[in-house]
Each structure stands twice: as C-alpha cells, then as structure tokens.
Amino acid sequence: MPVRLVLADDEPLLRRGLKTLLEADGRVVVVGEAADGAALLDVVRRTHPDVALVDVQMPGMDGLAALKALLAWSSPPALAVLTTFDLDDYVATALELGAQGFLLKDAEPEALVRAVLDLAAGGAVLDPRITARLLPKLRTRKLRETQHLDGLSARERQVLSLLASGRSNQAIATSLGLSEATVKSYVSTVLTKLGVENRVQAALVAHQVRDAW
C-alpha cells in the first residue's frame with residue numbers, strides 16, 4: 001500500500017508541484033491538501049494520513065500552532081516541516097514541539113519520496129544542508145551540551161548513530177541483527193540518557209558531537 005500523505009502549504013502551485021513529484025514514484029499518494037493550520041487539522045481528521053508535510057508559515061493558524069495541536073492527538077501522523085533556508089527559528093521551535101524532521105522545499109524528488117517513506121516507517125528526516133545551521137540555535141535552547149554521551153554504551157552509540165542517519169527502528173534492527181522490540185528499548189534508553197524528548201532531537205545531538213566520537 002502506498003504511504004498516505006497530506007500536504008500543508010499556502011502556495012497552491014507548490015502543493016501541486018510536490019503532489020506531482022511525490023505521486024509519480026507510485027509509493028506515495030496525496031490524500032489531502034491544506035492552505036492553513038485549521039484546514040490541516042480538518043483534512044488530517046478526515047483522511048487519517050500516515051505522514052503530513054507542513055509549512056510553518058501559513059495564514060490564520062500557522063504551521064507551528066497546527067503541529068502543536070496535532071501532536072496532542074492520541075495517534076497523530078508522522079509530521080515533518082517544509083522549510084526554506086531563512087526560517088531556522090521556526091524549524092527549531094517545530095522540532096522542540098516534536099516534529100519528526102525537516103525538509104527543504106527545493107529537495108530533489110528522490111529525496112522527498114525517500115523522506116516520506118522514512119517518516120512513515122518511523123524514521124527521522126534531517127536535511128543536511130540546514131542541520132549545521134540549526135545546531136547553534138538548538139544548543140542554546142533545549143538541546144544543550146551533551147554531557148550525558150559518556151553514559152551511552154557501545155551498542156547505544158551504534159543505535160544513536162543509525163538513528164541520526166534517519167533509519168527507522170526496523171532498519172536499525174536489520175543493520176544490527178537485533179529484534180525491533182530490542183531496538184525500541186535501546187532508543188528509549190538513549191533518549192532518556194541524552195535528556196531529549198524524541199528521536200529527531202537525539203539525531204541532532206548526534207550530529208552536534210559526531211566529530212568528537
């Protein structure tokens with residue numbers, strides 16, 4: 001079954017272009033579109049998508065308010081931010097709210113499809129072109145110096161490294177020869193030790209300290 005996707009952006013031409021690119025692959029189907037946050041909540045409620053890609057700047061209820069509302073639901077879709085190079089503060093806030101990643105609007109079609117598939121599988125999506133730009137902002141906010149890294153075991157560091165590359169729990173399990181339940185346990189432990197709330201924040205921590213490993 002193709003991944004069910006909702007697109008939220010106030011530019012109709014952008015939505016149309018993204019829909020065409022994503023559906024051409026055959027593994028993704030766009031089941032709804034929204035031009036503002038209120039419409040996004042409505043279309044997600046009606047269509048039950050696997051993934052939603054959300055622009056943070058929209059009229060009325062913006063993307064950040066919509067993300068916060070969706071993340072309070074019992075079973076929200078996987079949520080990622082659609083962004084441009086000049087919206088670092090918005091993206092940082094979205095990630096701290098619990099978004100599973102961020103994508104630049106000009107990403108290559110293959111990268112967009114892979115990102116949607118990874119999000120549906122539970123992975124984290126971080127566009128490398130702006131990850132480095134975000135780290136200083138997050139470092140001074142919720143993601144501070146990661147003194148807890150020394151408390152990670154060798155296996156936990158392996159899990160963190162694979163998580164930081166955007167792998168889902170299933171993909172990590174396959175790579176390390178573990179069960180998916182065991183990987184879920186490792187991920188939970190890593191999040192606790194790092195003092196972060198979700199796998200995207202953990203991935204950003206990993207990128208922040210990778211040179212020191």
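Bear in mind the structure is a predicted one, so any value in this text is a computation, not a measurement.

Parameters and conventions
Residues numbered from 1 in each chain as written. Predicted model: local features only at pLDDT ≥ 70, side-chain atom pairs only at ≥ 80, totals over all residues. Heavy atoms only, no water. Axes fitted to C-alpha atoms, helices over the stretch in contact; angles between N-to-C directions. Helix = DSSP H or I, 4+ residues; strand = E, 2+ residues; numbered from the N terminus. Parallel < 35°, antiparallel > 145°, perpendicular 65-115°, else oblique. Contact = heavy atoms within 4.5 Å. Nonpolar A, V, L, I, M, F, W, Y, C, P; charged D, E, K, R; others polar. Salt bridge = Lys/Arg side-chain N within 4 Å of Asp/Glu carboxyl O. Buried < 20%, exposed > 50% of the residue type's maximum accessible area, 1.4 Å probe, protein only. Pairing = 2+ DSSP bridges. Polar contact = N/O pair within 3.5 Å; in protein donor to acceptor, adjacent residues only side chain to side chain.

Peer 1: Describe in detail the packing of helix H7 (residues 154–164) against helix H9 (residues 180–194), supporting the description with residues and values.
Peer 2: Running from N to C, H7 and H9 point in directions that differ by 95°, and their axes come no closer than 10 Å. Classified by the angle between their axes, H7 and H9 sit roughly perpendicular to one another. The residues of H9 that touch H7, namely those facing Arg 155, Glu 156, Val 159, Leu 160 and Leu 163, are Tyr 186, Val 187, Thr 189, Val 190, Lys 193 and Leu 194. Considered class by class, the residues forming the contact of H7 with H9 number seven nonpolar, one polar and three charged.

Peer 1: I'd like a rundown of the pattern of salt bridges, residues and numbers included.
Peer 2: Evaluation of the coordinates by the stated rule reveals eight salt bridges. Residue Asp 9 pairs with Lys 105 through a salt bridge whose shortest N-O separation is 2.9 Å. Residue Asp 9 is located in the loop between strand E1 (3–8) and helix H1 (12–24), and its partner Lys 105 is located in the loop between strand E5 (101–104) and helix H5 (109–120); the two are separated by 96 residues in the primary sequence. Lys 105 matches Asp 9 in its accessibility class, with the two residues each being buried. The shortest N-O distance in the salt bridge between Lys 105 and Asp 55 comes to 3.4 Å. Separated by 50 residues along the polypeptide, Lys 105 in the loop between E5 and H5 and Asp 55 in strand E3 (residues 51–55) bring together distant segments of the chain. With a relative accessible area of 18%, Lys 105 lands in the buried category. Overall, the relative accessible area of 3% leaves Asp 55 in the buried class. Several salt bridges converge on common partners, so that one network encompasses Asp 9, Asp 55 and Lys 105.

Peer 1: Can you tell me about the sheet that holds E1, naming the residues and giving the values?
Peer 2: The six strands lie next to each other as E2-E1-E3-E4-E5-E6, forming an open sheet whose pairing is parallel. Strand pairing shows two members of the sheet lacking a second neighbour, strand E2 (28–34) and strand E6 (125–126), which therefore form its edges. Bridge count between E1 and E2: six bridges; the pairing is parallel. Its bridge partner lying in E2, Leu 7 is registered against Glu 33. Packing of H1 onto the sheet brings it into contact with E1, E2 and strand E4 (78–83), and relative to E2 it is tilted by some 165°. Here helix H3 (residues 63–71) sits on the sheet and contacts E3 and E4; the angle it forms with E4, its principal contact strand, is near 175°.

Peer 1: Any chance you could break down the side chain of Thr 47 for me, citing the residues and the numbers?
Peer 2: Assignment of secondary structure puts Thr 47 in helix H2 (residues 37–47). Here Val 43 takes part through its backbone oxygen, which lies 2.6 Å from a polar atom of the side chain of Thr 47. Look past the residues within four positions of Thr 47 in its chain and what remains in contact with it is Arg 4, Val 6 and Val 31.

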